[in-house]
Amino acid sequence: MVNYRYLGNSGFKISEITYGNWVTHASQVGDDAAIATVHKALDLGITSFDTADAYGQGTAGEQAMGQNERLIAGLLDELGVRSEVVLATKAGHTRGEDGSWGLDSRPEYLREAAEASLARLEVEQIQLWQHHRPDPECDYRATMEALREVADSGIVAMVGISNADPEQIRTAHDVLGDRLVSVQNQFSPKFRSSAPEIEVCTELGLAFLPWSPLGGLNEAKELAEKHPAFAEVADERGVSPQQVALAWELAQSEVVIPIPGASRPASITSSA
């Protein structure tokens, strides 16, 4: 069973492990494996799920947008637990007709994206809405002001940012104030360069949500081989190397809440 940590300065606690839904593909709609994985996450005490409007597999363009949001919301509805968990989503990425990823942080687009996610998730308010990635075509402070306007409208309860550097985190905090609760950046045994961002989040009281905390699907499978120190501790403790890696991340700061992905019950079990 997992423990719980505060989601930034919100006063709200969630499980110290968040279930990342990027690898729960649309091909699994209605599939027993997807339902079983979500069910196992809930059994383990996981109360936080992470998706994005641009997550989707097997389709491109507008068809891909919102695909994963609909899937995860539907699974949580089917299990009757929507009111028991935090379902976070993101906006700011787009998908081309060839499946390629693009960026759009224009204020008008972000507002439209928030309203579209609200409709797809079938909720009155998005619990945690995150800006997916800085757009070099848009001024970052202006983007944060757009997020503030969306939050002020009541569409979202809490705001997060993703893939931000220390200066951008401080800018977001300056503009958003208490509306900002989290920062989601890559961090793992393989990718450790987000340590400065963890320090800033600890200072400001923001949750730091590492994406790909095990290095990605292939890296997670090879974690014991590529990072033998984690395997050694795992053998001593009778746990998985993945669990040791996540414990190492949790030990970086009390604000860290990793987001491992899983497509099978066994995967989420080895990460919790």
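Just so it is clear, the model here is predicted, and its values are computed rather than measured. (Residues numbered from 1 in each chain as written. Predicted model: local features only at pLDDT ≥ 70, side-chain atom pairs only at ≥ 80, totals over all residues. Heavy atoms only, no water.)

Topic: the confidence of the model for the chain
A residue-level look at the chain finds 94% of positions with pLDDT of 70 or above and a mean pLDDT of 91. Counting contacts from residues 26-30, a segment whose pLDDT is below 50, to residues more than four positions away or on other chains yields eight contacts. (pLDDT = per-residue confidence, 0-100. Contact = heavy atoms within 4.5 Å.)

Brief notes about the sheet that holds strand S5 (residues 86-91)
One open sheet accounts for seven strands, arranged S3-S4-S5-S8-S9-S10-S11; its pairing is parallel. Each of the sheet's edge strands pairs with one partner strand only, and the pair in question is strand S3 (19-20) and strand S11 (207-208). As paired elements, strand S4 (residues 48-50) and S5 share three bridges and run parallel to each other. Within the sheet, the bridge partner assigned to Ser48 lies in S5 and is Val86. Packed on one face of the sheet, helix H4 (residues 107-121) meets S5 and strand S8 (126-131) and runs near 145° to S8. Docked against the sheet, helix H5 (residues 140-153) engages S8 and strand S9 (156-162), running at close to 160° with respect to S9. (Pairing = 2+ DSSP bridges. Helix = DSSP H or I, 4+ residues; strand = E, 2+ residues; numbered from the N terminus. Axes fitted to C-alpha atoms, helices over the stretch in contact; angles between N-to-C directions.)

Focus: the pairing of S8
The element S8 is extensively covered by neighbouring structure, given that five of its six residues are classed as buried. Relative to S9, S8 runs parallel, the two being bridged by five bridges. Pairing of Leu128 across the sheet is with Met158, part of S9. For the crossover from S8 across H5 to S9, the handedness is right-handed. (Buried < 20%, exposed > 50% of the residue type's maximum accessible area, 1.4 Å probe, protein only. Right-handed = clockwise from strand over helix to strand, strands pointing away.)

A word on helix H11 (residues 241-250)
Counting buried residues along H11, seven of its ten residues qualify, which places the element largely inside the surrounding structure. Residues of H11 that are buried sit in contact with strand S1 (4-6), helix H8 (217-221), helix H9 (223-226) and helix H10 (228-237).

Structural notes on the environment of Ser240
Structurally, the position occupied by Ser240 is in the loop between H10 and H11. Leave out the neighbours within four places in its chain, and Ser240 touches Ala234 and Ser270.

Things to note about the packing of helix H1 (residues 32-43) against helix H3 (residues 67-79)
The geometry of H1 relative to H3 is characterised by a closest axis approach of 10 Å and an angle of 65° between their N-to-C directions. Taken as axis vectors, H1 and H3 run roughly perpendicular relative to one another. When the axes of H1 and H3 are compared, the crossing they make is right-handed. Counted together, Ala34, Ile35, Val38, His39 and Leu42 of H1 and Leu75, Leu76, Glu78 and Leu79 of H3 form the full contact between these two elements. Of the residues that constitute the contact of H1 with H3, the class distribution is seven nonpolar, one polar and one charged. (Parallel < 35°, antiparallel > 145°, perpendicular 65-115°, else oblique. Left-handed = near helix turned anticlockwise from the far one by under 90°. Nonpolar A, V, L, I, M, F, W, Y, C, P; charged D, E, K, R; others polar.)

Some details on the pairing of S5
Within S5, six of the six residues are buried, which leaves it mostly tucked inside the rest of the structure. By the alternation rule, side chains of S5 split into Val86, Ala88 and Lys90 and Leu87, Thr89 and Ala91, which are all buried. Both S5 and S8 contribute to a ladder of four bridges, which runs parallel. Within the sheet, the bridge partner assigned to Lys90 lies in S8 and is Gln130.

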